[in-house]
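Listed below are the residues making up each chain.
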Number of protein chains: 2
Amino acid sequence: MNEEEPVVIHGLVCPRPLTHDDTIVLGHGSGGRMTQELIARTFYPPLENPLLLRGDDAAIFETPPSGRMAFCTDAHIVSPLFFPGGDIGRLSICGTVNDLAVMGARPLWLTASFILEEGLPIFVLEEALKSMRTAAEEAGVKVVAGDTKVAERGKADGIFISTAGVGMIPDGREVGGRLARPGDVVLVSGPLGDHGMAVLAARGELSFEAEIRSDIAPLSGLIEAMFEASDGIHVLRDPTRGGVATTLTEIARQSHMGIVLEEAVIPVREPVAAACEMLGFDPLYVANEGKLIAIVTPEAEADVLAAMRAHPLGRESVRIGQVTEENPGRVLMKTGIGGMRVVEALSGEMLPRIC
Amino acid sequence: MNEEEPVVIHGLVCPRPLTHDDTIVLGHGSGGRMTQELIARTFYPPLENPLLLRGDDAAIFETPPSGRMAFCTDAHIVSPLFFPGGDIGRLSICGTVNDLAVMGARPLWLTASFILEEGLPIFVLEEALKSMRTAAEEAGVKVVAGDTKVAERGKADGIFISTAGVGMIPDGREVGGRLARPGDVVLVSGPLGDHGMAVLAARGELSFEAEIRSDIAPLSGLIEAMFEASDGIHVLRDPTRGGVATTLTEIARQSHMGIVLEEAVIPVREPVAAACEMLGFDPLYVANEGKLIAIVTPEAEADVLAAMRAHPLGRESVRIGQVTEENPGRVLMKTGIGGMRVVEALSGEMLPRIC
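Residues numbered from 1 in each chain as written. Chains lettered and ligands numbered in written order. Predicted model: local features only at pLDDT ≥ 70, side-chain atom pairs only at ≥ 80, totals over all residues. Heavy atoms only, no water.

I'd love a proper account of the overall build of chain A, names of residues and values included.
Counting secondary structure elements, chain A contains nine helices and 16 strands. In terms of overall size, chain A behaves like a compact globule, its C-alpha atoms giving a radius of gyration of 21 Å where 355 residues would be expected to give roughly 20 Å. Principal-axis analysis of the C-alpha atoms places the extent of chain A at approximately 65 × 55 × 35 Å. Considering only residue pairs separated by 6 or more positions, chain A has 86% of its internal contacts joining residues 24 or more positions apart. (Helix = DSSP H or I, 4+ residues; strand = E, 2+ residues; numbered from the N terminus. Rg over C-alpha atoms; globule rule 2.2 N^0.38 Å. Contact = heavy atoms within 4.5 Å.)

Describe helix 3 (residues 88-101) of chain B, with residues and values.
Residue and element names in this part refer to chain B. Taking 1.5 Å of rise per residue, the 14 residues of helix 3 would be expected to cover 20 Å, and the 20 Å separating its terminal C-alpha atoms lies within 8% of that figure. With 14 of 14 residues buried, helix 3 lies mostly within the body of the structure. Where helix 3 begins, the capping side chain belongs to Asp87, and its oxygen is found 2.7 Å from the backbone nitrogen of Gly89. (Expected span 1.5 Å × (residues − 1). Buried < 20%, exposed > 50% of the residue type's maximum accessible area, 1.4 Å probe, protein only. Polar contact = N/O pair within 3.5 Å; in protein donor to acceptor, adjacent residues only side chain to side chain.)

Describe the interface of chain A and chain B, naming the residues involved and giving the relevant values.
Taken together, the 77 residues of chain A in the interface contact 77 residues of chain B. Surface buried jointly by chain A and chain B totals about 6200 Å² across both partners, of which 55% is contributed by carbon and sulfur atoms. Among the residues of chain A in contact with chain B, Asp57, Phe71 and Arg241 of chain A are the three that bury the most area, contributing 14% of the side total. Counting every contact that joins chain A to chain B gives five salt bridges. Measuring nitrogen to oxygen at the nearest pair gives 3.0 Å for the salt bridge that ties Asp147 of chain A to Arg241 of chain B. (Buried area = accessible area lost by both parts, 1.4 Å probe. Salt bridge = Lys/Arg side-chain N within 4 Å of Asp/Glu carboxyl O.)

An account of the relation of the copies chain A and chain B is requested, with residue identities and associated values reported.
Two copies of a chain can be linked by a rotation about an axis combined with a shift along that same axis. You can overlay chain A on chain B at an RMSD of 0.0 Å; the transform is a turn of 180 degrees with a shift of 0.0 Å along its axis. Expressed as a symmetry operation, the mapping of one chain copy onto the other fits a two-fold axis. Ranked by how close their C-alpha atoms come to the rotation axis, the residues of chain A are headed by Ala156 of chain A, at 2.1 Å. Comparing interface residues between copies, 100% of those in chain A also lie at the interface in chain B; the contact surface is shared. (Least-squares fit on C-alpha atoms with pLDDT ≥ 70 in both.)

Report on the sheet that holds strand 16 (residues 340-343) of chain B, specifying residues and quantitative values.
Residues and elements named next belong to chain B. The mixed open sheet is built from seven strands, whose spatial order is 11-13-10-14-12-15-16. For this open sheet the edge positions go to strand 11 (233-237) and strand 16, each flanked by a neighbour on one side alone. Averaged over all adjacent pairs, the angle separating strand axes in this sheet is 25 degrees, with direction ignored. In this structure, strand 10 (residues 185-188) lies alongside strand 13 (residues 293-296), joined through four bridges in antiparallel fashion. Directly across from Val186, in strand 13, lies its bridge partner Ile295. (Pairing = 2+ DSSP bridges. Axes fitted to C-alpha atoms, helices over the stretch in contact; angles between N-to-C directions.)

Pulling in residues and values, what's your account of the sheet that holds strand 7 (residues 106-117) of chain B?
Pairing is mixed in the open sheet, where five strands are placed in the order 3(A)-4(B)-9(B)-7(B)-8(B). Both outer strands of the open sheet, strand 3 (59-62) of chain A together with strand 8 (142-151) of chain B, are each paired with one neighbouring strand and no more. Each neighbouring strand pair of the sheet contributes to a mean axis angle of 15 degrees, computed without reference to strand direction. With ten bridges joining them, strand 7 of chain B and strand 9 (residues 159-169) of chain B adopt antiparallel strand pairing.

Which residues make up the packing of aromatic side chains, and what values do they have?
The final tally for this structure, using the stated rule, is eight aromatic pairs over all chains. On the numbers, 4.8 Å between centres and 70 degrees between planes, the contact of Phe43 of chain A with Phe114 of chain A is edge-to-face. Taken together, the residues span a long stretch of sequence, with Phe43 of chain A in helix 1 (residues 33-47) and Phe114 of chain A in strand 7 (residues 106-117) at a distance of 71 residues. Members of the aromatic cluster, connected to one another through ring pairs, are Phe61, Phe71 and Trp109 of chain A together with Phe61, Phe71 and Trp109 of chain B. The ring of Phe227 of chain A carries Arg173 of chain A above its face, with NZ or CZ at 4.1 Å from the centroid. (Phe/Tyr/Trp six-rings, centres within 6.5 Å; stacked < 30°, edge-to-face > 60°. Lys NZ or Arg CZ within 6 Å of the ring centre and 35° of its normal.)

Describe the environment of Gly158 of chain B, with residues and values.
Residues and elements named next belong to chain B. In this structure, Gly158 sits in the loop between strand 8 and strand 9. What makes Gly158 buried here is its relative accessible area of 0%. Along the sequence, Gly158 and Pro121 sit 37 residues apart, while their C-alpha atoms lie 8.6 Å from each other. Those residues within four positions of Gly158 in sequence are excluded, and the remaining contacts are His10, Leu81, Ile115, Leu116, Glu117 and Leu120.

Before we move on, could you go through the environment of Ala164 of chain A and cite the residues and values that matter?
Assignment of secondary structure puts Ala164 of chain A in strand 9 (residues 159-169). Spatially, the C-alpha atoms of Ala164 of chain A and Pro45 of chain A are 21 Å apart, while their sequence positions differ by 119 residues. Excluding residues that lie within four positions of it along the chain, Ala164 of chain A makes contacts with Phe71, Cys72, Thr73, Thr96, Trp109, Leu110 and Thr111 of chain A together with Phe71, Thr111 and Ala164 of chain B.

So, the environment of Met132 of chain A: which residues are in play, and what are the values?
Residues and elements named next belong to chain A. The topology assignment puts Met132 in helix 4 (residues 122-139). When the C-alpha positions of Met132 and Pro6 are compared, they lie 25 Å apart, and in sequence the two are 126 residues distant. Beyond its immediate sequence surroundings of up to four residues, Met132 is in contact with Leu47, Gly89, Arg90, Ser92, Ile93, Ala112, Phe114 and Ile161.

Talk me through the pairing of strand 12 (residues 258-262) of chain A; I want residue IDs and the actual numbers.
Look at any regular strand and the pattern is simple: side chains alternate between the two faces of the sheet. Residue and element names in this part refer to chain A. The buried count for strand 12 comes to four of five residues, which makes it a mostly enclosed element. The sheet contact formed by strand 12 and strand 14 (residues 318-324) spans four bridges and is antiparallel. From the neighbouring strand, Gly258 faces strand 14, where its bridge partner is Thr324. As defined by bridge partners, strand 12 adjoins strand 15 (residues 331-334) across four bridges and the pair is classed as parallel. For Glu262, the partnering residue across the bridge sits in strand 15 and is Lys334.

Go over the side chain of Asp238 of chain A with me, naming the residues and quoting the values.
Within the fold, Asp238 of chain A resides in the loop between strand 11 (233-237) and helix 7 (243-255). With no salt bridge to any partner, buried Asp238 of chain A finds its closest opposite charge in Arg237 of chain A, at an N-O distance of 6.4 Å. If we ignore the near neighbours within four places in the chain, the residues touching Asp238 of chain A are Asn98, Asp99, Val102, Leu219, Thr247, Lys291 and Leu292 of chain A together with Asp57 of chain B. (Lys, Arg positive; Asp, Glu negative; His and termini not counted.)

Quick rundown of the packing of helix 3 (residues 88-101) of chain A against helix 4 of chain A? Include the residues and the values.
Residues and elements named next belong to chain A. Viewed as axis vectors pointing N to C, helix 3 and helix 4 meet at an angle of 30 degrees, and their least axial separation amounts to 6 Å. One way to sum up the angle between helix 3 and helix 4 is to call them roughly parallel. The two elements helix 3 and helix 4 cross, and the hand of that crossing is right-handed. Residue-level contacts link Ile88, Gly89, Arg90, Ser92, Ile93, Cys94 and Val97 of helix 3 to Ala128, Ser131, Met132, Ala135, Ala136, Glu138 and Ala139 of helix 4. Of the residues that constitute the contact of helix 3 with helix 4, the class distribution is nine nonpolar, three polar and two charged. (Parallel < 35°, antiparallel > 145°, perpendicular 65-115°, else oblique. Left-handed = near helix turned anticlockwise from the far one by under 90°. Nonpolar A, V, L, I, M, F, W, Y, C, P; charged D, E, K, R; others polar.)

Lay out the pattern of salt bridges in plain terms, naming residues and giving numbers.
One pass over the structure, following the stated rule, counts 43 salt bridges over all chains. The partner of Glu263 of chain A in a salt bridge is Arg341 of chain A, with the nearest N and O atoms 3.7 Å apart. Taken as a pair, Glu263 of chain A in the loop between strand 12 and helix 8 (270-279) and Arg341 of chain A in strand 16 (residues 340-343) lie far apart in primary sequence, 78 residues in all. For Glu263 of chain A, a relative accessible area of 33% gives the class partly exposed. Among the ionic pairs, Arg237 of chain B bridges to Glu250 of chain B, the shortest N-O distance being 3.5 Å. Here Arg237 of chain B, found in strand 11, pairs with Glu250 of chain B, found in helix 7 (residues 243-255); they are 13 residues apart in sequence, far enough to count as distant. Like Glu250 of chain B, Arg237 of chain B is buried.

Given below as C-alpha cells:
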C-alpha cells in the first residue's frame, strides 16, 4: 500500500495504525468493567451533564409545567457514518429534535442507545460523540440516559444510534397534518435534496465530483421563531425519507385536502439538480434533514416567511404551493409549461441507508 | 433436505416455504408507501392504541401530575431472537419497564425503534411484535411512537429493537445506589442466572439438554407491591448484564459501603447450577431479566419480603446479605466453609448478545 495514501474508515481518515486497544471488542458490551470504562472515558466527556453523570438506570427530571408533552424515537443507520455536512452523531440528535419540534414541542431531554460493531475503531465513535455534543448544544437539549451494546463483526455496521426525546408543548400550540385548510399556503425553508445527495456522493456513487453538503440541522430554533411571529401555523413537517413529495401526500391524506405545487418555484441547488438529473432522481423524493414544510393561513404567510428568512436556517424560504378543497387526498404539480401532474408518495426504495 | 425436518429461523419454526413477499426488503425502510404498508399491516395491529395510531412524528400525552419523571433507553440485540421463556420483543419491553421501575417510577409510555435486516422473514417480526404487546399489557404500558429502518443483508442481524420509556415517580419515593446504609439487608426476588443460561442453551452451546427458561418479566407490579408494604426501601436494581455480582459492586461503589453475601443462601436453580458448573461460569455473573435486588432497612425486611413472596414474580425471594460500614466499596462473600472472598465486577465478556 502506498504510504502516502490515507486510510479512510467509515468516511473518516484514520489518524494512525490501529491496535487492538483502539477498537471496540465484545467485552465493551458486557455490562461489566470494560463497559464502565468505555462509558467513563469515551461517552461521558463529550456528553457530560448532571443528569447523565448520575449513572442510574434512568434519568430523573422535574415534570415541565405545561400540560402536554411530546415523545418520539428514531433509529439511525446512515452509511457512510461521516459525509460532507454531517455524520451519524449529528443526525441522531437532529432527527429526534426535529420530530419533536414539528409537533410544536420544545425539545428538552434525549436518550441515546448505541449498537456498536466489534472491531469499530474507537476514534470513529469519539468523533460521532463530539458531533452529538455540538448538535445537542445547538438544539439546547441534553442526552440524559443511554445504553451500549456490541454485536459481533459482520452482524452490524460500525455504529447504529437510536435516540428518543421528550419535549414540552407550550399551551395553545396545535399543529398536525389533519389541520391543513383550503386556502392555506405551503412554505418550505430552503432548497431540497441536499442530505440525500450528499450521502450518495460520499458513497462514491456519483460519476463526477459534486460539492454537495448535507443540510442536517436542529430546526427547533427556527420553529420557535415562527411560532413567535404568528399563530396561523397549521402544519409543520420535516421532509426526511421520501422527501417533500411523500410528506405532502401524507398531509393531503390526513387532512382530506388537495395540495397544488408550483414546479417553477421549488428550490433545488444547482449541483443537487445536476446529480439528480444524471441519476434519474426527482429532488422532490430526496431526503432533507434540516428543512421544514409549513402550512399556514394566507393571513399568516407574510409574517411567517419573514420570520423564517430572518433565521440562519430559513434564509431561502419560499412559498411552493397551496391547499385546495379540490382533489382531496392528492398532491398535484403545476408544471413549467402549464400542465398538471399527480405527485405520488415514494413507492419503493430509492436511496437506502441515508438516515 | 428431509421434508419432515422443520426449518428454524432465528429460533422460530418457519410455518411455510417463504417467498420474496414474505420477507423484509430495503423498500420497507424507504419512508414511502412500502414503509406505510408495513406499519399499517404489521406494526399497528399488535401495538394498537390511540396515541400510536395518530401516526404523527411524535406522540403527545398529558403531563402526569407528579413532580418528577424518569426517562431511560435500552438497545436489544439478543441472539437467537427467540429462546425458551422469551424473545427480543418481550425483552425490549421488559428491559425498559424494569429500568424505570427500579428508579421508583410507574412506567407509562414507551417508544420502539426497529433496525431490520433485509431478508428477515416477516413472520419473525410479527411474532416479536405479539410478544411486545403481551409484555406491554402485563406491565400496563403503551408503545406510543416508533421508527423502522432496514439495513442490507449482512449489515445487521435479523431484528434489533431500541426502546425508550418515561414514567412518573410518585411523591416521596427516593431510591438509588448511593442510599445503601450500614445494617441494611440485601434481598433478591428469586433464583439467579435463568436468562443468560436460557439464551446460551438456545444457541446450542450446551453439550446436554437443559430445561432452562428465561425469567424475562416486567417487575413494575412487584415493585409497586413492595412500595405499598414499606417505606424502608433504599435501593432497587435489576441485575441484568454482569449479573448480581456486577450490580452489587456498583452499589457498594456508589454508597461507599461494604456488602457481605452468604454463599449458602444464594438461590440458583439446579439446571442453571449444572450448566454453569460444566461451562465454568459463576451464576453470580449471569444475566437475569425478571429479578430484582432490593436493599432495605432491617425494620422493613419482614414486610418487604412478605410483599415480594405474595407476588407471582417474587415467590422465591430471600435475603442474601447485608450492608456494612467495613470494606467500603467492596462486595465480600462468606463461603460455605466459613471463609471470605472478594466478589469483583465482571471484567471482560462472558456471554455476548444475551440482551
